[in-house]
Amino acid sequence: MRLYATVAAGGFRRHATYRVATAAGVFTNSVFGFILSYTYIALWDERPHLGGYSMDDALAYVWIGQALIAVCGLMGGGFEDELIERIRTGDIAVDLYRPADLQAWYFSANAGRCAFQLLGRGVAPMAVGALAFQFTLPSGPGAWLAFLGAVALGSTVSFAIWYLAAMSAFWLLDGQGVVQVVWLSGLFFSGMLLPLNVFPGALGEIARMLPWASLLQVPADVYLGKYEGAADLAGAYAFQGCWALVLLGAGRLVQAAATRKVVVQGG
């Protein structure tokens, strides 16, 4: 455990060195936050309480999304390109023979990245949005803690998705095609463009059942207090936790198959 804690701390420090990139990310997220906010204002003026959200809820949703883009990997996990490149060059064979578990190593490094992004690119856009617009805020410290719990589970699901996408490069000439499919799916089914509650009929029901809902829709609804009582909140966590276990388990199976492939080719 000490090894993986060290890896997580290293991931935090690594991303903390990119101060200019972090500032650029905050600026970009804030600009898109303003664009989406005025788009949502126009939409909610025409359709009040669309998806069960008030105007204040909808604006909060916009800025939660901008805060979680990097934290929950809505547009990329932050490690998949590196992992795909190591698979392509064959350097991954060295990683698989190390005593440290490959999935746990990348999970720890990603946890450090998420922690930094929450502080570096999460807090600032939310503060900008709160200063520029009136939107819903959690009712107290307990609600904030519940939200952070949902964000932690969402980032875990995100890691599991991107890990599977990257590991596909073992059987493909290039994993970038899978990455693009995952990126587009996440952009649509996480609720980044519009809350999944707005999606009509069966499409909305299916979208809310997919793992990408764990990345933004569930944390946003926890933030907005849409889960009433401990039982509802536990159900939201269970949804995220089940997807995390399923996808991480799938990642371990893929990793085991990749290890056997490396051993056979190396032998």
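It should be noted that the structure appears before, not after, this text.
Residues numbered from 1 in each chain as written. Predicted model: local features only at pLDDT ≥ 70, side-chain atom pairs only at ≥ 80, totals over all residues. Heavy atoms only, no water.

(A) Structural context of the overall build of the chain. When its secondary structure is counted, the chain shows 11 helices and 0 strands. Helices (α) and strands (β) of the chain occur, in sequence order from the N terminus, as α-α-α-α-α-α-α-α-α-α-α. For a compact globule of 267 residues, the expected C-alpha radius of gyration is about 18 Å, and the chain comes in at 19 Å, within 12% of that figure. Its C-alpha atoms give the chain principal-axis dimensions of roughly 65 × 40 × 35 Å. (Helix = DSSP H or I, 4+ residues; strand = E, 2+ residues; numbered from the N terminus. Rg over C-alpha atoms; globule rule 2.2 N^0.38 Å.)

(B) Broad picture of the state of the cysteines. The tally for this structure, following the rule as stated, stands at 0 disulfides. With no disulfide of its own, Cys242 lies closest to Cys72 among cysteine sulfurs, the gap being 18 Å. The partly exposed category is assigned to Cys242, whose relative accessible area is 48%. (Disulfide = S-S within 2.5 Å. Buried < 20%, exposed > 50% of the residue type's maximum accessible area, 1.4 Å probe, protein only.)

(C) View of the pattern of salt bridges. The tally for this structure, following the rule as stated, stands at 6 salt bridges. Between Arg88 and Glu85 there is a salt bridge, with its nearest N and O atoms 2.7 Å apart. Linking Arg88 with Glu85, this pair stays in helix H4 (residues 80-89), spanning 3 residues, or about one helical turn. On the basis of relative accessible area, Arg88 is assigned to the exposed category, the value being 57%. For Arg252, the salt bridge goes to Asp101, with nearest N and O atoms at 2.7 Å. Of the two residues, Arg252 sits in helix H11 (residues 229-266) while Asp101 sits in the loop between helix H5 (92-97) and helix H6 (102-132), which places them 151 residues apart along the sequence. By relative accessible area, which is 19% here, Asp101 ends up buried. (Salt bridge = Lys/Arg side-chain N within 4 Å of Asp/Glu carboxyl O.)

(D) Structural context of the environment of Gly249. Along the chain, Gly249 turns up in helix H11. It is 8.8 Å that separates the C-alpha atoms of Gly249 and Ala160, two residues lying 89 residues apart in sequence.

(E) Just the side chain of Asp221, in detail. By the secondary structure assignment, Asp221 is in helix H10 (residues 217-223). Within the buried set, Asp221 has no salt-bridge partner at all; the shortest N-O distance to an opposite charge, 6.4 Å, is to Lys226. Setting aside its immediate chain neighbours within four residues, Asp221 contacts Tyr53, Asn197, Lys226 and Tyr227. (Lys, Arg positive; Asp, Glu negative; His and termini not counted. Contact = heavy atoms within 4.5 Å.)

Distances and angles like these do not, on their own, reveal function.
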